[in-house]
Amino acid sequence: MTEISTVSFRKSATAEKGSAVFLVDDSLKMPPAAEVIGIAALLSRAAATAAFKAGKFSVLDVLVPAGTEYDRAILVGIGKPAELVEADWARIGGSLLGALRKGDAAVLYAERADGEAISPDQLAEIGLGAVLRSYSFDRYKSRGKGNGEDSKKSAASLEIVHPEAGKAKKAWVSRQAVAEGAILARELVNEPANVLGTVEFAEKAESLERLGVTIEVLTEKQMKKLGMRALLGVNQGSVRPPRLVAMHWNGSDTKERPIAFVGKGVVFDTGGISIKPAGGMEDMKGDMGGAAAVVGLIHALASRKAKTNVVGIIGLVENMPDGNAQRPGDIVEAASGTTIEIINTDAEGRLVLADALWYVQKEFDPRMIVDLATLTGAIIVALGHDHAGLFSTDDALAAALSKAGEATGEKVWRMPLGQAYDKQIESKFADIKNTGGRDAGSITAAQFLKRFVKDGTPWAHLDIAGTAMSSPQSETNRSWASGWGVRLLDRLVADNYET
Ligand code: BES
Ligand code: MN
Ligand code: ZN
């Protein structure tokens with residue numbers, strides 16, 4: 001992993017060399033600081049010569065003459081001021097960071113030429129975007145062998161200058177925790193499955209103990225005792241043992257029932273006996289994106305000492321074909337007592353979640369549950385990579401998630417649930433079967449999960465197959481894994497579940 005850039009907030013600039021960064025809207029008026037430094041006219045000319053239009057997230061790199069305070073100036077476009085939305089500030093920070101070079105020291109004069117103030121929260125979002133953008137996964141690129149750009153770019157430092165630097169610094173403490181959580185989630189998803197198996201993943205989760213998180217790791221033996229045959233059946237073909245990890249953060253001063261987050265953690269999904277085609281199968285090292293987001297989220301909440309009681313549950317397995325692997329036609333009894341006919345061993349995520357959902361309800365009696373899973377290819381067909389699929393039995397929870405999605409840029413799109421879809425998962429031999437055919441594949445998967453959630457518990461399921469990994473590069477992410485969900489759920493908690 002490349003060194004992550006550092007962000008600081010100051011009332012006035014301390015760096016003298018390096019890059020001066022300015023925000024410019026589409027009027028192309030230069031902000032006051034550019035005048036003070038004496039390069040406003042130069043920047044205007046440079047913008048005109050380069051036909052720079054200051055569109056949102058565009059950047060222009062300008063060399064400044066010798067004798068100026070800085071070596072160069074960077075203009076970051078913010079487009080039409082009236083069209084700026086909350087989620088844009090992190091993207092602005094990301095675009096800015098993308099224009100820096102290795103080891104750069106940069107000063108952002110955080111002011112707008114239209115006179116509008118930039119709030120402390122917006123400043124912290126700029127910092128968040130910058131830190132997220134500075135992450136790359138290059139641990140396995142040995143140096144000096146003609147490696148890619150990734151391994152060459154190392155930490156830059158960014159100083160954000162603003163009269164409310166003190167307040168921004170406070171907002172940053174929380175935002176930095178979120179950045180760390182998202183980067184942790186990316187790390188877990190990017191790591192290959194030979195390095196990060198079930199046991200290693202559980203150990204990573206256990207390391208949250210140092211933040212004051214209570215951790216409980218269930219072994220195969222313990223899960224057998226609890227009757228978690230749905231989860232265990234998936235891992236049956238693997239030589240590595242399954243794990244179920246519960247992470248508990250008790251941040252509220254009340255005895256309130258916790259909110260719960262549940263993640264699918266298939267460290268590798270070959271499909272099992274219903275084996276996947278070879279093309280692109282390597283991507284299935286990321287089939288634990290849900291679990292990674294839950295670990296990243298708990299990290300963020302504990303680091304920023306969120307005033308809430310929360311539990312994170314992750315089911316860790318590996319789906320492999322083997323002489324002992326689960327077969328199509330097998331019937332297993334989940335811990336809840338529901339019997340499941342296995343039609344396709346590649347529909348394994350829902351089996352893992354069935355027992356994880358049951359466990360979190362039995363053990364923690366949560367007042368709300370959100371699960372995250374790279375659950376279906378069908379959600380990618382439906383929504384592509386810009387929205388995750390949201391399924392919920394609770395309109396208020398769905399609305400809160402949609403709102404948090406708009407605010408953070410980790411967007412969700414609500415999909416339907418409905419009894420009519422249950423027909424597709426009726427089994428000839430058992431209570432239900434684990435696939436519902438091609439039609440409405442993401443919905444029947446969600447409908448399957450719903451069978452394991454008690455009536456009356458507000459529940460939402462996020463199908464993140466299209467957003468957790470392999471999504472298009474963005475201003476705030478250049479790595480394969482996105483860490484999707486950490487920002488969204490941190491926001492959900494902050495806006496709705498903190499005392
Ligand atoms: N992990 C996959 C879903 C997936 C696909 C995630 C692509 C990320 C990218 C899941 O376990 C799976 O294999 N789902 C099957 C379900 C089917 C057999 C009913 C699918 O989507 O094809
Ligand atoms: Mn699968
Ligand atoms: Zn899977």
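Just so it is clear, the structure is predicted and the values come from calculations on it, not from any experiment.

Rules used in this analysis
Residues numbered from 1 in each chain as written. Chains lettered and ligands numbered in written order. Predicted model: local features only at pLDDT ≥ 70, side-chain atom pairs only at ≥ 80, totals over all residues. Heavy atoms only, no water. Helix = DSSP H or I, 4+ residues; strand = E, 2+ residues; numbered from the N terminus. Buried < 20%, exposed > 50% of the residue type's maximum accessible area, 1.4 Å probe, protein only. Polar contact = N/O pair within 3.5 Å; in protein donor to acceptor, adjacent residues only side chain to side chain. Contact = heavy atoms within 4.5 Å. Domains from an automatic or database assignment. Buried area = accessible area lost by both parts, 1.4 Å probe. Salt bridge = Lys/Arg side-chain N within 4 Å of Asp/Glu carboxyl O. Donors = N, O, S within 2.8 Å, 3.2 Å for Na, K, Ca; no water. Tetrahedral: all angles 85-135°; square planar, octahedral: opposite > 155°, others 65-115°. Near = heavy atom within 4 Å. Areas by Shrake-Rupley, 256 points an atom, 1.4 Å probe, with all protein chains shown as cover. Nonpolar A, V, L, I, M, F, W, Y, C, P; charged D, E, K, R; others polar. Axes fitted to C-alpha atoms, helices over the stretch in contact; angles between N-to-C directions. Parallel < 35°, antiparallel > 145°, perpendicular 65-115°, else oblique. Left-handed = near helix turned anticlockwise from the far one by under 90°. Phe/Tyr/Trp six-rings, centres within 6.5 Å; stacked < 30°, edge-to-face > 60°. Core = buried A, V, L, I, M, F, W, Y, C linked by side-chain atoms within 4.5 Å.

## Digging into the side chain of Ser 19
So, point 1. On the secondary structure map, Ser 19 appears in strand 2 (residues 19-25).
So, point 2. Accessibility expressed as a relative area gives 0% for Ser 19, which makes it buried.
So, point 3. Separated by 3.1 Å, the side chains of Ser 19 and Arg 72 make a polar contact.
So, point 4. Of the polar contacts made by the side chain of Ser 19, one reaches the side chain of Asp 104; its length is 3.5 Å.
So, point 5. Setting aside its immediate chain neighbours within four residues, Ser 19 contacts Tyr 70, Arg 72, Ile 74, Leu 100, Asp 104, Ala 105, Ala 106 and Val 107.

## Notes on the domain arrangement of the protein chain
So, point 1. You can read the domains of the protein chain as domain 1 (6-163) and domain 2 (179-496).
So, point 2. Here the C-alpha centre of domain 2 lies 37 Å away from the C-alpha centre of domain 1.
So, point 3. The partner domain 2 presents 20 residues to the 17 residues of domain 1 that form the contact.
So, point 4. Together domain 1 and domain 2 conceal approximately 1700 Å² of surface at their shared face, both sides included; 56% is due to carbon and sulfur atoms.
So, point 5. The largest contributions to the domain 1 side of the interface with domain 2 come from Leu 132, Arg 133 and Tyr 135, which together make up 39% of the buried area.
So, point 6. The tally of links from domain 1 across to domain 2 stands at 5 salt bridges.

## Focus on the coordination of the zinc ion (ligand 3)
So, point 1. Lys 264 (NZ), Asp 269 (OD), Asp 287 (OD) and Glu 348 (OE) make up the full set of protein donors to the zinc ion (ligand 3), lying at 2.0 to 2.4 Å.
So, point 2. The site at the zinc ion (ligand 3) holds 6 donor atoms, and with the angles between them running 78 to 174°, its shape is octahedral.
So, point 3. When the donors of the zinc ion (ligand 3) are listed by position in the chain, the intervening gaps give K-x4-D-x17-D-x60-E.
So, point 4. A spacing of 3.1 Å is found between the zinc ion (ligand 3) and the manganese ion (ligand 2), which share Asp 269 as a donor. Pair noted here: Lys 264 is in strand 9 (residues 259-269) and Glu 348 is in the loop between strand 12 (339-341) and helix 10 (349-364), with a separation of 84 residues, a long-range link.
So, point 5. Residue Lys 264 is classed as buried on the basis of its relative accessible area of 1%.

## A short note on the site of ligand 1
So, point 1. If you check the shell around ligand 1, you find 17 residues, and the closest are Lys 276, Asp 287, Asp 346, Glu 348 and Gly 377.
So, point 2. For ligand 1, an oxygen atom lies 3.2 Å from a polar atom in the side chain of Lys 264.
So, point 3. Here Glu 348 contributes a side-chain N or O atom positioned 2.8 Å from an oxygen atom of ligand 1.
So, point 4. Across the complex, the protein chains shield 77% of the 510 Å² of accessible surface that ligand 1 would expose by itself.
So, point 5. Here the shell around ligand 1 is composed, by residue class, of 5 nonpolar, 5 polar and 7 charged.

## Here's the deal with the packing of helix 10 against helix 13 (residues 441-450)
So, point 1. Look at helix 10 against helix 13: their axes get within 9 Å of each other, and the N-to-C directions meet at 25°. Between helix 10 and helix 13, the angle is such that the two are roughly parallel. The handedness of the crossing between helix 10 and helix 13 is right-handed. Across the interface between the two elements, Arg 350, Leu 351, Leu 353, Ala 354 and Leu 357 of helix 10 pack against Ala 445, Phe 448 and Leu 449 of helix 13.
So, point 2. Taken together, the residues that form the contact of helix 10 with helix 13 break down as 7 nonpolar, no polar and 1 charged.

## Things to note about the packing of aromatic side chains
So, point 1. For the coordinates displayed, the defined rule picks out 5 aromatic pairs.
So, point 2. For the ring pair Phe 9 and Trp 172, a centre distance of 5.9 Å and an interplane angle of 55° mean the geometry is tilted. One end of the pair, Phe 9, is in strand 1 (residues 6-10); the other, Trp 172, is in helix 5 (residues 165-190), with 163 residues separating them in the sequence.
So, point 3. Accessibility expressed as a relative area gives 6% for Trp 172, which makes it buried.
So, point 4. Taken together, Phe 22, Tyr 70 and Tyr 109 form an aromatic cluster joined through their ring pairs.

## Some details on the packing of helix 4 (residues 120-134) against helix 5
So, point 1. The N-to-C vectors of helix 4 and helix 5 enclose an angle of 30°; their axes lie 8 Å apart at closest approach. Classed by the angle they form, the pair helix 4 and helix 5 counts as roughly parallel. The hand of the helix 4/helix 5 crossing is right-handed. Contacts from Pro 120, Asp 121, Leu 123, Ala 124, Glu 125, Gly 127, Leu 128, Val 131 and Leu 132 in helix 4 reach Lys 167, Ala 168, Ala 171, Trp 172, Arg 175, Val 178, Ala 179, Ala 182, Ile 183 and Arg 186 in helix 5.

## Some remarks on the coordination of the manganese ion (ligand 2)
So, point 1. Within the protein, the manganese ion (ligand 2) binds to Asp 269 (OD), Asp 346 (O), Asp 346 (OD) and Glu 348 (OE); these donor distances fall in the range 2.0 to 2.2 Å.
So, point 2. Ordering the donors of the manganese ion (ligand 2) by residue number gives the pattern D-x76-D-x1-E.

## A few points about unusual backbone geometry
So, point 1. Positive phi is not limited to glycine here, since Ala 54 has a value of about 60°.
So, point 2. With respect to the helices and strands, the residue Ala 54 is situated in the loop between helix 2 (40-49) and strand 3 (59-63).
So, point 3. The class of Ala 54 is buried, set by a relative accessible area of 1%.
So, point 4. With a phi close to 45°, Asp 365 is a non-glycine residue in the positive phi region.
So, point 5. You can see Asp 365 is positioned in the loop between helix 10 and strand 13 (368-373).
So, point 6. On the accessibility criterion, Asp 365 (40% relative accessible area) is partly exposed.

## Re the pattern of salt bridges
Two side chains bearing opposite charge may form a pair once their charged atoms approach each other closely.
So, point 1. Using the criterion set out here, one finds 29 salt bridges in the structure.
So, point 2. For Lys 56, the salt bridge is made with Asp 88, and the minimal N-O distance between the two is 2.7 Å. Of this pair, Lys 56 sits in the loop between helix 2 and strand 3 while Asp 88 is found in helix 3 (residues 88-98), placing the two residues 32 residues apart along the sequence.
So, point 3. Overall, the relative accessible area of 3% leaves Asp 88 in the buried class.

## Here's the deal with the environment of Lys 221
So, point 1. Structurally, Lys 221 is set in helix 7 (residues 220-225).
So, point 2. When its relative accessible area of 71% is taken as the criterion, Lys 221 is described as exposed.

## Concerning the nonpolar core
So, point 1. Of all hydrophobic cores here, the largest spans 96 residues; its most connected members are Phe 201, Met 247, Phe 261, Ile 314, Leu 462, Leu 489 and Leu 492.
So, point 2. Ignoring any residue separated from it by four or fewer positions in sequence, one finds Leu 462 in contact with Val 370, Asp 371, Leu 372, Ala 373, Gly 389, Leu 390, Val 412, Trp 484, Leu 488 and Leu 489.
So, point 3. Judged by nonpolar contacts, the second largest core, of 41 residues, contains Met 223, Val 234, Val 360 and Phe 364.

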